[in-house]
Amino acid sequence: STHSFQCLTMLSFSARLVVVVACAAPFVAPFAVRPAPVIRRGPCVAEAHPNRIEVCQNKHCKKRGSAKTLRIFEALADRVPNGVVVSKADMSHTEHGCFDECTMGPNVRIDGEPQTDVGRVVNGVKTPQQAAEILGIDLEDDWALPPAEA
């Protein structure tokens, strides 16, 4: 309509560009539209017991305590029914050798495969309670991480 056109001409060039792109969006092939990235914060309750847990051990996650996070998962692994494989993450196929979510570490991947991008990454895993939630197990309130082996 004429009113719509008049309103459009009053907008700045960048605003008009946004309107044109927004109007054209339904006509763009679905494979050309990329979804917005999902920001994942904190652990989520496990729907089932995971089969594999990988903990990033690169420098940024290590500065945030990933060595302790790995020890927590290793200590809790025997409580998971049917067992769980706990290991250092092998992301050597990526540019940075990690999950590329360094600012949110320590990062843990659930049910991934080494040297792939498969699996769900959970950020900021630092406590035994968070690890137990990811593993889908109960943890006593007074549980303490055994001392590190020398």
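My aim in this report is to walk through the structure given alongside it, one point at a time. (Residues numbered from 1 in each chain as written. Predicted model: local features only at pLDDT ≥ 70, side-chain atom pairs only at ≥ 80, totals over all residues. Heavy atoms only, no water.)

If you walk through the whole model with that rule in mind, you get two salt bridges. Taking the shortest distance from any N to any O, the salt bridge between Arg109 and Glu54 comes out at 2.8 Å. Here Glu54 lies in strand β1 (residues 52–55) and Arg109 lies in strand β3 (residues 108–110), a separation of 55 residues in the sequence. Arg79 serves as the salt-bridge partner of Glu140, at 3.1 Å between the closest nitrogen and oxygen. Here Arg79 lies in the loop between α4 (66–76) and β2 (85–88) and Glu140 lies in the segment after α5 (128–135), a separation of 61 residues in the sequence. (Salt bridge = Lys/Arg side-chain N within 4 Å of Asp/Glu carboxyl O. Helix = DSSP H or I, 4+ residues; strand = E, 2+ residues; numbered from the N terminus.)

Quick look at the sheet that holds β2 now. Read across the open sheet, the four strands follow the order β2-β1-β3-β4; overall the sheet is mixed. Two strands close off the open sheet at either side, each with one partner strand: β2 and β4 (120–122). Neighbour-to-neighbour, the strand axes of the sheet open up by a mean angle of 25 degrees, direction not taken into account. Pairing analysis gives three bridges linking β3 to β4, with the strands arranged antiparallel. Residue Val108 lies in a different strand from β4, and its bridge partner there is Val122. (Pairing = 2+ DSSP bridges. Axes fitted to C-alpha atoms, helices over the stretch in contact; angles between N-to-C directions.)

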